[in-house]
Each structure stands twice: as structure tokens, then as C-alpha cells.
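What follows is the residue order along each chain.
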Amino acid sequence: MSTTHQRLTYALALLGATADEVADSLLAGGWTGLRQDGIACPVSKYVAAVLPEIEVAAASAQRITVVSTNGETVEAALPAGPAAFIRAFDAGAYDELAATLTRSDVDPVDDIER
């Protein structure tokens, strides 16, 4: 059986080798997220969805850290494609993958209100 680290790195590699390939994969799967938010970014949400043993995932442009349901914490370097995607996404690219926070009155929440 594979380790969590092996499954994590395999799942990340499946996203694609370039930022555009990763964006296409995330869009096809319906994974959207928030910019500049390691836990709510589309890559983190993808990892938590496709690896059932992952309870929490937090990604930066260099690394991802996951916590499994049994409390194990695993870190891995991001492959080039997901890393490039996160850098571009956080800089404003891929609007179709950007989720918008809303208050209960459905007004968008801007960065100041967070």
C-alpha cells in the first residue's frame, strides 16, 4: 500500500505539468477557491477531495502540507505545474476558478472585511 506522501505527490502530478493544464483539470473537476488562502485554494480543495484520508490541506506556491484523519502531518514539494498555477492564480489569473465569499445577505465580502 502507498504512503500518504506517495499518494499526495501522485495526485498533484495528475493535475498537469503546466499552470494551464492544472487550471483545466481543476475546472473540469469543479474545484474553485480563494486567492491568497492556502487552505481554500483550488489545489488544496482538490487534494482534500481526491484523497479521502486527508482532513486538511494547505498549499503555497512551493509546498503543500496535509493532515490525515489519523493526525499524521505530511509535507511535499509542489510539482512545477501546480506551483505555477498557484503563483498565477494568486496573482489574479484564472478568474473562472476564483470563488467569491458572500455574507448572509449575499453581498460579496471584499478583502478588507475578511
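Higher on the page you've got the structure.
The notes below deal with the structure included here. Everything quoted here is computed from the prediction, not taken from an experiment.

For the protein chain, the helix and strand inventory stands at four helices and three strands. Ordered by position in the sequence, the α and β elements of the protein chain form the string α-α-α-β-β-β-α. For the protein chain, the proportion of contacts with a sequence separation of at least 24, taken over those separated by at least 6, is 47%. A total accessible area of about 6300 Å² is found for the protein chain, and carbon and sulfur atoms account for 54% of it.

The next point concerns the pairing of strand E1 (residues 54-59). For E1 and strand E2 (residues 63-68), the ladder comprises five bridges, and the chain directions are antiparallel. Bridging from a neighbouring strand, Ala 57 pairs with Val 66 of E2. Linking two consecutive strands that pair antiparallel, namely E1 and E2, is a turn of three residues.

Topologically, Gln 36 is positioned in the loop between helix H2 (19-29) and helix H3 (42-50). Taking the C-alpha atoms as reference points, Gln 36 and Arg 87, separated by 51 residues in sequence, lie 9.3 Å from one another.

Moving on to the packing of H2 against helix H4 (residues 80-90). H4 packs onto H2 with a crossing angle of 85 degrees between their chain directions and a minimal axis gap of 7 Å. Between H2 and H4, the crossing angle belongs to the class labelled roughly perpendicular. Each of Ala 19, Val 22, Ala 23 and Leu 26 in H2 lies in contact with H4, whose residues at this interface are Gly 81, Pro 82, Ala 84 and Phe 85.

Helix-helix packing: each pair is described by the crossing angle between the helix axes and the interaxial distance. It is the contact of helix H1 (residues 4-14) with H3, at a shortest axis distance of 10 Å, that shows an interaxial angle of 125 degrees. The orientation of H1 with respect to H3, classified from their angle, is oblique. Between H1 and H3 lies a crossing whose hand is right-handed. Listed contacts from H3 to Leu 8, Ala 11, Leu 12 and Leu 14 of H1 are Val 43, Tyr 46, Val 47 and Val 50. Residue composition of the contact of H1 with H3, by class: eight nonpolar, no polar and no charged.

How each quantity is defined
- Residues numbered from 1 in each chain as written.
- Predicted model: local features only at pLDDT ≥ 70, side-chain atom pairs only at ≥ 80, totals over all residues.
- Heavy atoms only, no water.
- Helix = DSSP H or I, 4+ residues; strand = E, 2+ residues; numbered from the N terminus.
- Contact = heavy atoms within 4.5 Å.
- Areas by Shrake-Rupley, 256 points an atom, 1.4 Å probe, with all protein chains shown as cover.
- Pairing = 2+ DSSP bridges.
- Axes fitted to C-alpha atoms, helices over the stretch in contact; angles between N-to-C directions.
- Parallel < 35°, antiparallel > 145°, perpendicular 65-115°, else oblique.
- Left-handed = near helix turned anticlockwise from the far one by under 90°.
- Nonpolar A, V, L, I, M, F, W, Y, C, P; charged D, E, K, R; others polar.

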